[in-house]
Amino acid sequence: MARRLSATAAETDIVQTGERVSVSWDFAAELVGSEVITSKTLTCFNSAGADVSSTVILSSLITTGTVSSLILIQMSACVDNEMYNFKMIATISSAKILQADLFVPVRNVGPA
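These remarks concern the structure in this document. Since the structure is predicted, the reported quantities are computational estimates derived from the model, not experimental observations.

Attention now goes to the nonpolar core. Counting residues in each nonpolar core, the largest one holds 26 residues, and the members touching the most others are Trp25, Phe27, Ile71, Met75 and Phe86. Of all the secondary structure elements, the ones that give two or more residues to this core are β2 (20-26), β3 (37-45), β4 (57-62), β5 (70-76), β6 (82-92) and β7 (97-106). When residues no more than four places from it in sequence are discounted, the contact partners of Phe27 are Ile37, Ser69, Ile71, Met88, Ala90, Leu98 and Ala100.

Below, the structure written as structure tokens:
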């Protein structure tokens, strides 16, 4: 089972190579009234600035239902000693644009 991280907490969590992790961005505090997220753009860059979205991001979705404020992704850490920078851009039903960055470090941690 994959670990689940929130976008605000994940910056302090270390992910191991090959580990599958679920990450969520909750934009509820940014939405007013009946606003919902209507679209998203998610990219992932490695520490050299290369776009590695296709190898690191396994899937992504916007939650649906009464309140649509959560974006979920499934990621897989591919390279040891790497720092991935996820860039999330969400468009809201009122045409407002929200942005969030998330840094996820990858370190293989062996037994002490």
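Within the open sheet, the three strands sit side by side as β3-β6-β7. Their pairing is antiparallel. Bordering the open sheet on either side are β3 and β7, each of which pairs with just one other strand. Along the sheet, successive strands turn relative to each other by an average axial angle of 15°, direction set aside.

Moving on: the side chain of Ser53. Inspection of the secondary structure assignment puts Ser53 in helix α1 (residues 53-56). Its relative accessible area of 13% is what places Ser53 among the buried residues. A distance of 2.6 Å separates polar atoms of two side chains, one belonging to Ser53 and the other to Asp51. Not counting residues up to four positions away in its chain, the partners in contact with Ser53 are Leu42, Thr43 and Cys44.

Moving on to the pattern of salt bridges. If the charged atoms of two oppositely charged side chains come close together, the side chains can form a pair. In total, this model carries two salt bridges according to the counting rule given. Here Lys87 and Asp101 are joined by a salt bridge, their closest N and O atoms 3.2 Å apart. Separated by 14 residues along the polypeptide, Lys87 in strand β6 and Asp101 in strand β7 bring together distant segments of the chain. Its relative accessible area of 38% is what places Asp101 among the partly exposed residues.

About the thresholds
Residues numbered from 1 in each chain as written. Predicted model: local features only at pLDDT ≥ 70, side-chain atom pairs only at ≥ 80, totals over all residues. Heavy atoms only, no water. Core = buried A, V, L, I, M, F, W, Y, C linked by side-chain atoms within 4.5 Å. Buried < 20%, exposed > 50% of the residue type's maximum accessible area, 1.4 Å probe, protein only. Helix = DSSP H or I, 4+ residues; strand = E, 2+ residues; numbered from the N terminus. Contact = heavy atoms within 4.5 Å. Pairing = 2+ DSSP bridges. Axes fitted to C-alpha atoms, helices over the stretch in contact; angles between N-to-C directions. Polar contact = N/O pair within 3.5 Å; in protein donor to acceptor, adjacent residues only side chain to side chain. Salt bridge = Lys/Arg side-chain N within 4 Å of Asp/Glu carboxyl O.

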